[in-house]
Amino acid sequence: KMSIHHFKQDILTALSNKKVSDIPTVSSVFQISSSSSLIDAFQLLMENHIQSAPVYKEDTKEYVGFLDVRDLVSFVVYVFDNQHITDDTSLVDLVHHGKGQIKSPGTDGVTVSYLARRNLFLPVEPEDDLMKV
């Protein structure tokens, strides 16, 4: 019987011995523009049955983070609970209502970039080992 300590050591060793380049690649990756509307961005995720996608900011030519379906769920639950919305309000109406209600100084309210910053995009190199990643 393997102890937790030995199991952990085996996992750490396996991660140290594998490189990013060892992971199979996919033929295409969906990416969301930072200028996309919240509705369009979440619709892309849902229609393509993916949980998250990187958000790309065209003016800086950088990825700002990942937009995740969980971001939509958190946002909608917050809006529903705190903005006194009726039970028959559509998802689209909830998002439109909430994005303008939640503003802090210097922002346009809740945007794709705002939500994506919660899930950082960290570039890696093919030769990086998975333990480092």
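The following refers to the structure shown.

The rules we used
Residues numbered from 1 in each chain as written. Predicted model: local features only at pLDDT ≥ 70, side-chain atom pairs only at ≥ 80, totals over all residues. Heavy atoms only, no water. Helix = DSSP H or I, 4+ residues; strand = E, 2+ residues; numbered from the N terminus. Buried < 20%, exposed > 50% of the residue type's maximum accessible area, 1.4 Å probe, protein only. Contact = heavy atoms within 4.5 Å. Expected span 1.5 Å × (residues − 1). Arc of directions from axis to C-beta. Polar contact = N/O pair within 3.5 Å; in protein donor to acceptor, adjacent residues only side chain to side chain. 1 Å grid on protein atoms, 1.4 Å probe; cavity = no way out; pocket = protein on both sides within 12 Å on 5 of 7 lines; lining within 4 Å. Points joined across faces, edges and corners; volume = space filled by probe spheres on them. Nonpolar A, V, L, I, M, F, W, Y, C, P; charged D, E, K, R; others polar. Phe/Tyr/Trp six-rings, centres within 6.5 Å; stacked < 30°, edge-to-face > 60°.

1. Let's talk about the overall build of the protein chain
Now for step 1: Within the protein chain, the secondary structure is distributed over 5 helices and 3 strands.
Now for step 2: With 133 residues in all, the protein chain has 24% of them scored as buried.
Now for step 3: Across the protein chain, the fraction of contacts at a sequence separation of at least 24, relative to all contacts at a separation of at least 6, is 53%.

2. Observations concerning helix α3 (residues 69-82)
The periodicity of an α-helix, 3.6 residues per turn, causes residues three or four positions apart to be oriented the same way.
Now for step 1: For α3, with 14 residues, the first-to-last C-alpha span of 20 Å sits near the 20 Å given by 1.5 Å per residue.
Now for step 2: When we look at burial in α3, the residues that qualify are D71, L72, F75, V76 and V79. Seen along its axis, α3 keeps its buried residues to an arc of 120°; they face one direction. Pointing more than 90 degrees away from the buried face of α3 are the exposed residues R70 and D81.
Now for step 3: Near the N-terminus of α3, the side chain that reaches the backbone nitrogen of R70, with its oxygen 2.7 Å away, is that of D68.

3. Looking at the layout of surface pockets
Now for step 1: Taken as a whole, the largest pocket encloses approximately 630 Å³ of empty space.
Now for step 2: In terms of lining, the largest pocket is formed by 16 residues, of which the most central are V20, V26, V29, F121 and V124.
Now for step 3: A per-class count over the lining of the largest pocket returns 14 nonpolar, 2 polar and no charged.

4. Overview of helix α2 (residues 38-47)
Now for step 1: Along α2, the positions that sit buried rather than exposed are L38, I39, A41, F42 and L45. Looking straight down α2, one finds that the buried residues subtend no more than 165° of arc, so they occupy a single side.
Now for step 2: Residue H49 follows α2 closely and has a positive phi angle near 55°.

5. Some words on the environment of L94
Now for step 1: Relative to the assigned elements, L94 resides in helix α4 (residues 91-101).
Now for step 2: Assessed through its relative accessible area of 7%, L94 is described here as buried.

6. Here's the deal with the packing of aromatic side chains
Now for step 1: Evaluated as defined, the whole model comprises 3 aromatic pairs.
Now for step 2: Members of the aromatic cluster, joined through ring pairs, are Y56, Y63, F66 and F121.

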